[in-house]
Amino acid sequence: MSTKLLLINPNNYKNPPVLPIGLEYIKESLRDYDCHVEILDLTFSKDILPEIKNVIENKGFDLIGLSIRNIDSCIYFNNEFFLPNFKKIIDYIKLFKIPIILGGSGFSASPKEILNYFQVDYGIIGPAEKAFPIFLELWKKNKIKEKIINGWQYGIDSELLPIRAIDLDYNKYLKNDGLVGFTTHVGCSNQCPYCIEANKKVHHRKIKNIIKEIEILINNGYIHYHLSDSEFNQDLKFCKRFCRELARKKFDFKWTLYMKPTPYDEEMFQLLSESNAYLITLSVDSYDKIQKRNNYSYDDLEKIIKYCKKYNIELVIDLLTGYPYESIESTKKIIGFFKKNRPKSVGISFYYRLFNNTELSDLIKKDHKLQEKLTRSFLDNEDCLNPIFYHQYNKEDIQELIEDEDLFKIAGISLEVNYQL
Ligand code: B12
Ligand code: SF4
């Protein structure tokens, strides 16, 4: 008998609202399996629990999957911690005695800790396009040995062409400043010591399928996109081939993307511009040790700013500064650099969100002196789910350095998103 699977998006944070496209990808990955999949999107729900009750009681499901996209908003100022609300939802779903499986980027950041927090049956870390069908087959045969499956081990189905905008009300998102997303790959080869996505094997999708996916969406009237890759530029050749193909299509659309400082070359910026990329958000660290391990320097930043200007692409910077042992001179240097080489804006974060099993949290757990600069004390068996940050500076220190220049925005104090600037 066909398995009935309900995939729920409980994320109702709306600054901006984000389409749960991962659930569309999973649904597609199960197309050839004996599984009936429905998606319940609660982003705009006014009455979450009755809505869940209604769907479960009317349709009956064998398995329920919940997407845990965010643990919290990750920024110190105005931080929002989402797990307690998700717990209420999950505890309610448990009353129906249907097995639950979790996944999503937030879940993948701290899988053991989150399963423990929610006391839930199963979870998939990372991409689930290949792992979910494997899980389902084992689950149906009662052969699950591990509660957590590592999706990174299986990667993605590079041929997947998800049918989009059928199960989700895209227009509601667009009306509320949301953007449509698409992915070109999963994973990141950089080694940022604080990041939950660091050093994850990169798997690319087939360019022809990505373009087809975008083309179908454009034909349905969706013309403004935010790339949903961690950082676009993992492989320069791939990036240039993708932009070339996209530019060749001459789509009437525009897109914005996250990028890291390397790899790049001038041609990539030219092709990005020709493919209608209008805004890049560049992740930058001020600490030279982190710059070095990710193979870039101030020289690269200068070139990127120059190329963006030359090819008419807006550039905003996501700057992180004040890493443990980094000096104030280093922070002054980067602020001075951007005052001189001006992008459109520089968002500054100087509170580092700690997650278990990152290099940063391991470092702080070992060095008691660093623990004095945490926003709260470590608990016994600290799981870092309840937001905890390391900071060398206070708001006033940074305000003094930026001297009220409009160019700089302290993350979390100004709640705009980049593409609205
Ligand atoms: C692109 C992006 C954005 C874009 C979205 C653009 C768009 N088009 O909508 C923008 C800029 C808007 C954005 C905003 C925010 N983001 Co963001 N974002 C991302 C990013 C890079 C990709 C997310 C994505 O769409 N991936 C593509 C889809 C296909 O993958 P997916 O959803 O993860 O789904 C796959 C798997 O996770 C899994 N899966 C998903 N659901 C389920 C469910 C089940 C049951 C199973 C088994 C598997 C499963 O299978 C799917 C297919 O493989 C992630 C980092 C990352 N690489 O995941 C951060 C990330 C999710 N964002 C993050 C944050 C903090 C935010 C903000 C809160 C920032 C802020 N302070 O404003 C907001 C939140 C907005 C909101 N409403 O939720 C954090 C969350 C960290 C945390 N503490 O939990 C992440 C992880 C970045 C990071 N490294 O810190 N984001
Ligand atoms: S480049 Fe971005 S996604 Fe990759 S490890 Fe660094 S912060 Fe994380």
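Fair warning: this is a prediction, and the values are worked out from it, not measured in the lab. (Residues numbered from 1 in each chain as written. Chains lettered and ligands numbered in written order. Predicted model: local features only at pLDDT ≥ 70, side-chain atom pairs only at ≥ 80, totals over all residues.)

S.K.: How should I be thinking about the overall build of the protein in this particular structure?
M.R.: From N to C terminus, the protein includes 16 helices and 17 strands. Compactness check: the protein gives a C-alpha radius of gyration of 22 Å against a globular reference of 22 Å for 421 residues, within 12% of the reference. Dimensions of the protein along its principal axes, counting C-alpha atoms only, are 65 × 55 × 40 Å. The buried share of the protein, taken over its 421 residues, is 38%. (Helix = DSSP H or I, 4+ residues; strand = E, 2+ residues; numbered from the N terminus. Rg over C-alpha atoms; globule rule 2.2 N^0.38 Å. Buried ≥ 20, exposed ≤ 12 C-beta atoms within 10 Å, placed from the backbone.)

S.K.: Hey, could you run me through the site of ligand 1 in this one?
M.R.: Surveying the vicinity of ligand 1 reveals 44 residues, the closest of which are Gly22, Gly65, Ser67, Gly103 and Gly181. If you list the elements that add at least two residues to the shell around ligand 1, you get α1 (21–29), β3 (63–67), β4 (100–103) and α4 (105–109). The element that contributes the greatest number of residues to the shell around ligand 1 is α1, accounting for 5 residues. Within the shell around ligand 1, the residues separate by chemical class into 24 nonpolar, 16 polar and 4 charged. Counting contributing residues, the shell around ligand 1 receives three or more from each of domain 1 (3–153) and domain 2 (179–350 + 392–420). (Near = placed C-beta within 6 Å. Nonpolar A, V, L, I, M, F, W, Y, C, P; charged D, E, K, R; others polar. Domains from an automatic or database assignment.)

S.K.: Quick question: what am I supposed to make of the sheet that holds β3 here?
M.R.: Whenever strands of a sheet pair, they do so through backbone hydrogen bonds, lying parallel or antiparallel. Here 6 strands make up an open sheet; going across it, the order is β2-β1-β3-β4-β5-β6 and the pairing parallel. The open sheet has two edge strands, β2 (35–41) and β6 (148–150), and neither has a second partner. The mean angle between the axes of side-by-side strands here comes to 20 degrees, regardless of whether they run parallel or antiparallel. (Pairing = 2+ DSSP bridges. Axes fitted to C-alpha atoms, helices over the stretch in contact; angles between N-to-C directions.)

S.K.: Explain the pairing of strand β1 (residues 3–9) to me, please; I cannot follow it from the model alone.
M.R.: Look at any regular strand and the pattern is simple: side chains alternate between the two faces of the sheet. Most of β1 is tucked away: 5 of the 7 residues are buried. Looking at chain direction, β1 and β2 are connected through 7 bridges and run parallel. When the sheet's bridge partners are listed, Leu6 is paired in β2 with Glu38. Crossover connection from β1 via α1 to parallel β2: handedness right-handed. (Right-handed = clockwise from strand over helix to strand, strands pointing away.)

S.K.: Would you take a moment to explain the domain arrangement of the protein for this structure?
M.R.: For interface size, the figure often reported is the accessible area lost on association. Domain annotation of the protein identifies domain 1 (3–153) and domain 2 (179–350 + 392–420). Domain 1 and domain 2 are separated by 29 Å when their C-alpha centres are compared. Residue-level contacts link 12 residues of domain 1 with 14 residues of domain 2. Among the residues making up the side of domain 1 that touches domain 2, the classes are represented as 9 nonpolar, 3 polar and no charged. (Contact = placed C-beta atoms within 7 Å.)

S.K.: Any chance you could explain the environment of Arg293 here in plain terms?
M.R.: Among the secondary structure elements, Arg293 is positioned in helix α11 (residues 288–293). When the 14 C-beta atoms within 10 Å are taken as the criterion, Arg293 is described as partly exposed. For Arg293 and Ile402, which are 109 residues apart along the polypeptide, the C-alpha to C-alpha distance reads 27 Å.

S.K.: Please clarify how the nonpolar core should be interpreted in this entry.
M.R.: Counting residues in each nonpolar core, the largest one holds 95 residues, and the members touching the most others are Ile64, Ile100, Leu102, Ile124 and Ile280. The biggest single contributor to this core is strand β13 (residues 314–320), with 5 residues. Mapped onto the domain boundaries, this core takes at least three residues apiece from domain 1 (3–153) and domain 2 (179–350 + 392–420). Ignoring sequence-local partners within four residues, the contact set of Ile280 consists of Leu257, Met259, Cys308, Ile313 and Leu315. (Core = buried A, V, L, I, M, F, W, Y, C linked by C-beta atoms within 7 Å.)

S.K.: Which parts of the structure should I look at to understand the sheet that holds strand β14 (residues 345–349)?
M.R.: One open sheet holds the 7 strands; their spatial order is β7-β10-β11-β12-β13-β14-β17, and the pairing between them is parallel. Only two strands of the sheet have a single neighbouring strand rather than two, namely β7 (180–182) and β17 (408–410). Taken over all neighbouring pairs, the strand axes of this sheet differ in orientation by 25 degrees on average, direction set aside. Of the pairings in the sheet, the one linking strand β12 (residues 277–285) to β13 comprises 7 bridges and is parallel in character. Each residue of the ladder has a partner; that of Leu282, found in β13, is Ile317.

S.K.: Please clarify how unusual backbone geometry should be interpreted in this entry.
M.R.: If a residue is not glycine, its phi is most likely negative; likewise, a peptide bond is most likely trans. Put simply, Asn15 and Pro16 share a cis peptide bond, and its omega is 0 degrees. As for its placement among the helices and strands, Pro16 is situated in the loop between β1 and α1. A positive phi is found at Asn142, a non-glycine position, where the angle reads about 60 degrees. Using a count of 6 C-beta atoms within 10 Å as the deciding quantity, one classes Asn142 as exposed. Phi at Lys250 takes a positive value of approximately 50 degrees, unusual for a residue other than glycine. Residue position: Lys250 is located in the loop between α9 (236–249) and β11 (254–259). Owing to 10 C-beta atoms within 10 Å, Lys250 belongs among the exposed residues under this scheme.

S.K.: Got a minute to help me understand helix α5 (residues 111–118) in this structure?
M.R.: Every α-helix carries 3.6 residues per turn, so stepping three or four residues along brings you back to the same face. Those residues of α5 lying buried are Pro111, Glu113, Ile114 and Phe118. Looking down the long axis of α5, one finds its buried residues gathered within 160 degrees of arc, a one-sided arrangement. In this fold, the buried residues of α5 make contact with α3 (83–94), β4, α4, β5 (122–125) and β6. With its phi angle positive at about 55 degrees, Gln119 sits one or two positions after the end of α5. (Arc of directions from axis to C-beta.)

S.K.: Can you walk me through the packing of α9 against helix α10 (residues 266–274) in this structure?
M.R.: Working note: a packed helix pair is described by the angle between its axes plus the distance between those axes. Where α9 meets α10, the axes come as close as 8 Å, and the angle between the chain directions of the two elements is 30 degrees. Taken together, the axes of α9 and α10 are roughly parallel relative to one another. Considering the relative orientation of α9 and α10, their crossing is left-handed. Residues Leu236, Cys239, Lys240, Cys243, Arg244 and Ala247 of α9 form the contact with α10, whose own contacting residues are Glu267, Met268, Leu271, Leu272 and Glu274. Residues of the contact of α9 with α10, tallied by class, amount to 7 nonpolar, no polar and 4 charged. (Parallel < 35°, antiparallel > 145°, perpendicular 65-115°, else oblique. Left-handed = near helix turned anticlockwise from the far one by under 90°.)

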